[in-house]
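# A structural walkthrough
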Amino acid sequence: MQVPQEIRINKTRDTLTLVYPNHAHALPAEFLRVYSPSAEVRGHGVGQETLQTGKRGVLITDLETVGNYALKITFSDGHDSGLYDWAYLHNLGSQQAELWQQYLALLAMEGASRDPDLTAPAPTKAHSCGGCSHH
């Protein structure tokens, strides 16, 4: 398991950098947000994923370690329910270019945008999966 030696957020709070012994991964907040490991984003099984749109400009507002195995990231849109374990974070960093291209392709296929819809009502934190224990 790759555990980062150092975790940094840049001054503008839009990039999380994970420093490992031989390399570092700079992960944009938007990338982390759209690939959140939460049930809200990933669903409860294959095919239940929810495409995250309008996340351009999202920032990291809080960061805390969870035990010795994960980070809990709070984003400026209020999302905070994903636990990013070390293996998942390393995977995101290692596959960042491919994952980002997949995300952009999905947005294009759905006719969706990275830009927030300023005409939509503010999102709520409600999650409609019934009695799931992810929150």
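Further up the page is the structure itself.
Anyway, here's the lowdown on the structure attached to this text. None of these values were measured; they are calculated from a predicted model. (Residues numbered from 1 in each chain as written. Predicted model: local features only at pLDDT ≥ 70, side-chain atom pairs only at ≥ 80, totals over all residues. Heavy atoms only, no water.)

The next point concerns the overall build of the chain. If you tally the helices and strands in the chain, you get 4 helices and 6 strands. Counted from the first residue to the last, the chain has its helices and strands arranged as β-β-β-α-α-β-β-β-α-α. Expressed as a percentage of contacts within the chain between residues at least 6 apart in sequence, the contacts between residues at least 24 apart total 50%. Accessible area of the chain: about 7900 Å², with a carbon and sulfur share of 51%. (Helix = DSSP H or I, 4+ residues; strand = E, 2+ residues; numbered from the N terminus. Contact = heavy atoms within 4.5 Å. Areas by Shrake-Rupley, 256 points an atom, 1.4 Å probe, with all protein chains shown as cover.)

So, about the pattern of salt bridges. Opposite charge on two side chains allows them to pair when their charged atoms are near. Applying the stated criterion across every chain yields a total of 6 salt bridges. One salt bridge in this structure joins Arg114 and Glu30, with 2.6 Å as the shortest N-O distance. With Arg114 in the segment after helix H4 (96-110) and Glu30 in helix H1 (residues 29-34), this residue pair connects regions lying 84 residues apart in the sequence. Judged by its relative accessible area of 8%, Glu30 falls in the buried class. Put simply, Glu40 and Arg33 hold a salt bridge, and the shortest N to O gap is 3.7 Å. Several salt bridges share partner residues, and in doing so they unite Arg33, Glu40, Lys55 and Asp77 into one network. (Salt bridge = Lys/Arg side-chain N within 4 Å of Asp/Glu carboxyl O. Buried < 20%, exposed > 50% of the residue type's maximum accessible area, 1.4 Å probe, protein only.)

In this section: the pairing of strand E4 (residues 60-66). Pairing of E4 with strand E5 (residues 70-75), which is carried by 6 bridges, proceeds in the antiparallel orientation. Following the sheet pairing, Asp62 is matched in E5 by Thr74. Here E4 folds back onto E5, and the loop between the two strands holds 3 residues, one of which, Gly67, carries a positive phi near 55°. (Pairing = 2+ DSSP bridges.)

Looking now at the packing of helix H3 (residues 86-94) against H4. The contact between H3 and H4 brings their axes to 5 Å, and the two run at 80°. One element, H3, and the other, H4, form an angle in the roughly perpendicular class. Residues Asn91, Leu92, Gly93 and Ser94 of H3 lie in contact with H4, whose contacting residues are Gln96, Glu98 and Leu99. Residue composition of the contact of H3 with H4, by class: 2 nonpolar, 4 polar and 1 charged. (Axes fitted to C-alpha atoms, helices over the stretch in contact; angles between N-to-C directions. Parallel < 35°, antiparallel > 145°, perpendicular 65-115°, else oblique. Nonpolar A, V, L, I, M, F, W, Y, C, P; charged D, E, K, R; others polar.)

Here Ser36 is to be found in the loop between H1 and helix H2 (39-42). Not counting residues up to four positions away in its chain, the partners in contact with Ser36 are Val41, Arg42, His79, Gly82, Tyr84 and Tyr88.

On to the nonpolar core. Counting 23 residues, the largest nonpolar core has Leu32, Tyr35, Ile73, Tyr84, Leu89 and Leu92 as the members making the most contacts within it. Elements with a minimum of two residues in this core: strand E2 (15-19), H1, E5, H3 and H4. Filtering out sequence-adjacent residues up to four positions away, Leu92 remains in contact with Leu27, Phe31, Leu32, Tyr35, Tyr84 and Leu99. (Core = buried A, V, L, I, M, F, W, Y, C linked by side-chain atoms within 4.5 Å.)

Ordered in space as E4-E5-E6, the 3 strands form an open sheet in which the pairing is antiparallel. Of all the strands in the sheet, just E4 and strand E6 (83-85) have a single pairing partner and so form its edges. Across this sheet, the average inter-strand angle for adjacent strands is 30°, counted without regard to direction. Pairing of E5 with E6 involves 3 bridges; the strand directions are antiparallel. In the sheet register, Leu71 faces E6, and the bridge partner there is Tyr84.

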